[in-house]
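Inside the fold
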Amino acid sequence: MSAVMITRKVRKWEKLPGKNTFCCDGRVMMARQKGVFYLTLFLIIGTCSLFFAFECPYLAVNLSPAIPVFAALLFLFVMAMLLRTSFSDPGVLPRALPEEATFIEMEIEAANGNVPAGQRPPPRIRNVQINNQIVKLKYCYTCKIFRPPRASHCSICDNCVDRFDHHCPWVGNCVGKRNYRYFYLFTLSLSLLTIYIFTFDIVHVVMRSVDSGFLNTLKETPGTVLEVLVCFFTLWSVVGLTGFHTYLISLNQTTNEDIKGSWSGKNRVQNPYSHKNIIKNCCEVLCGPAYPSVLDRRGLMQEDSPASETSPPSSSSMNSVPQTTKTTAPLIPNEHTPDDVKPSIADSAEKTPSPKEEESPAPKLPPLASPETDAETSIIKDKAH
Amino acid sequence: MAETHSLQDMRQQAAIAAKVFIQRDYTNGTVCQFQTKFPSELETRIDKQQFEETVRTLNNLYAEAEKLGSQSYLEGCLACLTAYTIFLCMETHYEKVLKKIAKYIQEQNDKIYAPRGLLLTDPIERGLRVIEITIFEDRSLGR
């Protein structure tokens, strides 16, 4: 019984660490929990269908045929932006291969010098000067890299994302450098669509009530009540979110930085990435170059598997990228570990360091704890300081 | 056999002595730039000027890719008007420059680095984080 190795070609997405799901042979990339995303789709498609079914025939005839046409265009734009945000790579940084990780570790050891036994080594931080501001780059124990400025590790997707904004359960993906503008256009166009449907619902009800009376109108077009309810509740959160992100874009800040208060002005700390000009900031974020994905999802690689087993795709691969750090996280506390936790270092080594730091707002999913409400309350908190 | 300098042969026959990683230079912000500091491991293999010239050219190419100018704004606005469907058929400016970069690195490897037993890896294969330089064992010195 000799073990015969079969070499087969697999796509690189099958071997990527992290908790993403991939569809269409690597073309589509999303987070694992997609429930709220399906709810978003259902609400948008459902409400628009009701609008086209109940209101549009009456309004097209009695007011203008342009109304359903414009609604259709807006609806298509909203769907395109939503799908683009949800399905694209937000800007995930690939993890360091073993040689790079070792090289970085050696640099860290060299920088730290000799640490006497019993003392904890200094935290893994690199200081860089950006536009006359000192920015600290943190070391990511999961990805084994020093995170570039503005990058953050999303604990839901288990990836470091460049220019990390937040993890949005409504779109079922992280929002980062590559898909932020699509996310913003999605919220903006959704606000417009919601206002549009709400307005024309009211117009329709008023116009029809003049002819048939209010109660009869509601009986003839029961969909209207549902639409008005959905639009009314959606309006506040979506328009608020759009306003919040417009504010962030004009200052060239991310939600993550805003929540952490990185550039809140304490200790004369200013945002080094801002051009100090609202127009320039908006242009950079919305009309800047389209960054390519650095994750080669559809590239081919060789995988050796023994012929005797029916090996699932997650078995041994030639590209040995570490999956998690649960067993390999060094027993080195970081700067956020308080001194009294030192005895339980063995326990904390099993968890990802500083989970609160790395967690994006509202990773859990009841609709009430949506990122936008957390972000808005944080603005109120900031103002109260 | 030690005289063949083709990359395929290098990869298959030569043993890897070490790898050097040129890190990113963040002094101008998040734009993709690499440090031009000459690593000590390469002192015996290549000229400092040559190395700095390579990294500087790469930096200029990346700066061209990420430049915020009228071309990028035009591309952005046009794409937005078509709901970004235009990217299904058109290549972005960044992708065009990445192809130029890949060609440049191939050329540098063939002309300058492979004859010296070195190999540059395109940074895009390392997530635009580092320029990986593989140092192969110097067989010409003999054992």
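Note that the structure is predicted; figures quoted are calculated from it, not measured.

Cut-off values and rules
Residues numbered from 1 in each chain as written. Chains lettered and ligands numbered in written order. Predicted model: local features only at pLDDT ≥ 70, side-chain atom pairs only at ≥ 80, totals over all residues. Heavy atoms only, no water. Helix = DSSP H or I, 4+ residues; strand = E, 2+ residues; numbered from the N terminus. Expected span 1.5 Å × (residues − 1). Buried < 20%, exposed > 50% of the residue type's maximum accessible area, 1.4 Å probe, protein only. Arc of directions from axis to C-beta. Contact = heavy atoms within 4.5 Å. Salt bridge = Lys/Arg side-chain N within 4 Å of Asp/Glu carboxyl O. Buried area = accessible area lost by both parts, 1.4 Å probe. Polar contact = N/O pair within 3.5 Å; in protein donor to acceptor, adjacent residues only side chain to side chain. UniProt positions renumbered as here; feature names shortened; annotations may be inferred. Disulfide = S-S within 2.5 Å. Pairing = 2+ DSSP bridges. Axes fitted to C-alpha atoms, helices over the stretch in contact; angles between N-to-C directions.

With 12 residues, helix H3 (residues 70-81) of chain B extends 16 Å from end C-alpha to end C-alpha; this agrees with the ideal 16 Å at 1.5 Å per step. Buried residues of H3 of chain B: Ser 72, Glu 75, Gly 76 and Ala 79 of chain B, and no others. Down the axis of H3 of chain B, the buried side of the element spans an arc of 100°, and every buried residue falls inside it. Relative to its buried face, H3 of chain B has exposed residues pointing more than 90 degrees away, namely Ser 70, Leu 74 and Leu 81 of chain B. Where H3 of chain B is buried, its residues meet helix H8 (278-287) of chain A together with helix H4 (93-113) of chain B. Immediately beyond the C-terminal end of H3 of chain B, within one or two residues, lies Ala 83 of chain B, with a positive phi of roughly 55°.

Before going further, it helps to spend a moment on the pattern of salt bridges. Applying the stated criterion across every chain, the model contains 19 salt bridges over all chains. Here the residues in one salt-bridge network are Glu 99 of chain A together with Lys 19, Arg 126 and Glu 132 of chain B, joined through shared partners.

All right, on to the interface of chain B and chain A then. With 28 residues of chain B in contact, the opposing surface of chain A contributes 37 residues. Where chain B abuts chain A, roughly 2,800 Å² becomes buried across the two surfaces, and 68% of that area is made up of carbon and sulfur atoms. Contact with chain A buries surface across chain B, with Tyr 26, Tyr 84 and Arg 129 of chain B losing the most and accounting together for 25% of the total. Counting every contact that joins chain B to chain A gives two salt bridges.

By the burial criterion, the buried members of H8 of chain A are Asn 281, Val 285 and Cys 287 of chain A. Against helix H4 (180-212) and helix H6 (223-251) of chain A together with H3 of chain B lie the buried residues of H8 of chain A. One side-chain oxygen at the N-terminal end of H8 of chain A lies 3.0 Å from the backbone nitrogen of Ile 279 of chain A; it belongs to Asn 277 of chain A.

Attention now moves to unusual backbone geometry. The general pattern is negative phi for most residues beyond glycine and trans for most peptide bonds. Here Arg 150 of chain A, not a glycine, exhibits a phi torsion of approximately 75°, which is positive. Looking at the element boundaries, Arg 150 of chain A is found in the loop between strand S7 (145-146) and strand S8 (152-154). Phi angles above zero are rare outside glycine, and Ala 83 of chain B is one such case at about 55°. Residue classification places Ala 83 of chain B among the buried positions, given a relative accessible area of 16%.

Attention now moves to the UniProt feature "domain: Palmitoyltransferase DHHC" (unreviewed entry) in chain A. Per the UniProt annotation, the sites labelled "domain: Palmitoyltransferase DHHC" (unreviewed entry) are residues 136-260 of chain A. For residues 136-260 of chain A, helix accounts for 60% and strand for 15%, while the C-alpha atoms at its two ends are 14 Å apart.

So, about the side chain of Asp 162 of chain A. Examined against the element boundaries, Asp 162 of chain A turns out to sit in the loop between strand S9 (159-161) and strand S10 (166-168). Beyond its immediate sequence surroundings of up to four residues, Asp 162 of chain A is in contact with Pro 90, Gly 91, Leu 93, Pro 149, Arg 150, Ala 151, Gly 176 and Lys 177 of chain A.

Throughout the structure, instances matching the rule amount to zero disulfides over all chains. Sulfur of Cys 282 of chain A: no disulfide; nearest cysteine sulfur belongs to Cys 283 of chain A and is 7.0 Å away. Looking at Cys 282 of chain A, the relative accessible area reads 24%, which means it is partly exposed. Of all cysteine sulfurs in the structure, the one in Cys 77 of chain B sits closest to Cys 287 of chain A, which takes part in no disulfide; the separation is 4.0 Å.

Residues and elements named next belong to chain B. Reading across the sheet, the three strands line up as S1-S3-S2 and stay open at both edges, with antiparallel pairing between neighbours. The sheet is open, and its two borders are formed by strand S1 (16-22) and strand S2 (118-121), each paired with just one other strand. Averaged over neighbouring strand pairs, the angle between their axes works out to 20° when direction is ignored. Here S1 runs beside strand S3 (residues 131-136); their pairing, made up of six bridges, is antiparallel. Considered in S3, the bridge of Ala 18 is made with Ile 135.

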